[in-house]
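One letter stands for each residue in the lines below.
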Amino acid sequence: PASLCSRLLSNTPRTFFEGTVKPVIVVGARVRSPRARAAVIKLVEATGMPVAVMPNAKGNFPENHPNFIGVFWVNISTPFCGETITIADRYIFVGPMFNDVSTVGFTHPILRDRLLEVAYTHVSVGSEGFYGNVLMEDFLEAAISAIPPNSKALHNYQAMVVAPGKPLRSAPGTPIRTNITYKHIEDMLQQHYALLSDAGDCWFNATYLKLPEGVPYESQMQYASIGWSVGAALGLAAAYGKKRRVVAFIGDGAFQMTAQEVSTMVRYGFNPLLFIMNNGGYTVEVEIHDGPYNVINNWDYRKLMHAFDPEGARSWSAQVRTEEELEAAIKEATGPMSERTCMIEVILDKDDCSRSLLEFGTRLAFQSANAAQIAC
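A brief structural summary. In every chain, residue numbers begin from 1 and rise along the written sequence. Reporting in this predicted model follows two pLDDT cut-offs: at least 70 for local features of residues, and 80 or more for side-chain atom pairs to be given and counted; totals over whole chains, interfaces and linings ignore these cut-offs and use all residues. In computing side-chain values, all of the structure's heavy atoms are included and hydrogens and water are not.

## What about the state of the cysteines?
Structurally, a disulfide amounts to a covalent bond that connects the sulfur atoms of two cysteines.
And then number 1: The definition used for a disulfide is geometric: two cysteine sulfur atoms within 2.5 Å. According to the stated counting rule, one finds zero disulfides in the structure shown.
And then number 2: Cys342 carries a free sulfur, and the closest cysteine sulfur to it, the one in Cys202, is 18 Å from it.
And then number 3: Each residue is assigned to one of three classes by its accessible area relative to the maximum for its type, calculated with a 1.4 Å probe on protein chains only: buried under 20%, partly exposed between the two thresholds, exposed over 50%. Classification of Cys342 by relative accessible area gives buried; the value is 0%.
And then number 4: Cys202 provides the cysteine sulfur closest to Cys353, a residue in no disulfide bond, and the two sulfurs are 12 Å apart.

## Some thoughts on unusual backbone geometry
And then number 1: Positioned with a positive phi, Val74 is a non-glycine residue whose angle comes to about 55 degrees.
And then number 2: For the purposes of this entry, the term helix denotes a DSSP run of H or I that reaches at least four residues, the term strand denotes a run of E that reaches at least two, and both are numbered from the N terminus. One can find Val74 in the loop between β3 (68-71) and α3 (81-86).
And then number 3: By relative accessible area, Val74 is classed as buried at 11%.
And then number 4: Positive phi, normally seen in glycine, also occurs at Phe80, with a value near 70 degrees.
And then number 5: Position of Phe80 relative to the elements: it lies in the loop between β3 and α3.

## Regarding the pairing of strand β4 (residues 90-94)
And then number 1: The buried count for β4 comes to five of five residues, which makes it a mostly enclosed element.
And then number 2: Where burial is concerned, the two faces of β4 agree: the one with Arg90, Ile92 and Val94 and the one with Tyr91 and Phe93 are both buried.
And then number 3: Paired strands, as defined in this entry, are two strands with at least two bridges between them according to DSSP. Examined bridge by bridge, β4 and strand β5 (residues 115-118) share four bridges and lie parallel to one another. Across the sheet, the residue bridging to Val94 is Val118, located in β5.

## Details of the pairing of strand β13 (residues 341-347)
And then number 1: For β13, the buried fraction is high: seven of the seven residues fall into the buried class.
And then number 2: Pairing analysis gives six bridges linking strand β11 (residues 273-278) to β13, with the strands arranged parallel. Within β13, the position partnered with Phe275 by the bridge is Ile344.
And then number 3: Relative to β13, strand β12 (residues 315-320) runs parallel, the two sharing six bridges. Bridge assignment links Ser315 to a residue of β13, and that residue is Thr341.
And then number 4: The parallel pair β12 and β13 is bridged by helix α13 (residues 323-333), and the resulting crossover is right-handed. The crossover handedness rule: strands pointing away from the viewer, path from first strand over the helix to second strand clockwise, crossover right-handed.

Here it is as structure tokens:
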């Protein structure tokens, strides 16, 4: 209840934030309701604190806001964001979901005594106390006028941040790379799109995309279920109808789990744009624990669309191997074929992956090895 929030906040900010130098705000995956999102924006603007999102919360805070500093994902955060969060002496986490993926194997250096956690139905204040039956929205709205302003961490971030570079254009005929692929994907994004990413290297590359204002983003990091995004793309396409176009990033291994859902997209005339990142296997598993079981049977994904749409009137597909071919395919998929179910298969080298995946795989592999030794 709001009255309980008022009593809770009457003393908490004065004691918990007393003497604080660099407080920050981090938005989590449970900040879903419009009321909660609006309250977070007001809290950020009232306090002047920098705000980041957890990787499973991308899209829950506008990325064009002047206080937005990026994605906090422990050691694979966006540039200068991780440093800003971890050196803070107080952090307000709103609606977080702490799991092995969002914390990179539970290696995040978040200290409990510095943490104000605003969950969906409770609030915990450092090591001082736990308060149940407090709704997230009620607490956030009450906190806007109660938490003292402090923009020191934002100023520090702005002093050290450097604008990220972009990969140079490839020579004609050069095999396409992952970073080139996502550069062109970012350039094509529009405000009426809705994005989603499957588990694997798509997570990392899609997480670092700069979203246009208002573009929703969905990913599944609670169970890391590969293949989730194909059915999710179908669901989003049905929900949004003509309001938004769904754009999905899916690995080839993930796609093989739930490929038949594309048939339903074609059947109902939905127009998602599916990027199939074909590197010949389960690349994320290769970086955690390699073996022959990570190599999969290769499909001709472009021709698969013919099986779903024999007449070719409701779908379109392309296979690309170079930057020029990708540009041409995107132009076609976002132009004359934009009302159809579109699929672009991107042929990538099996070892072409993001730096973040290498870091992530190394940490999880180390964690697994340690757990095995302890069990022995």
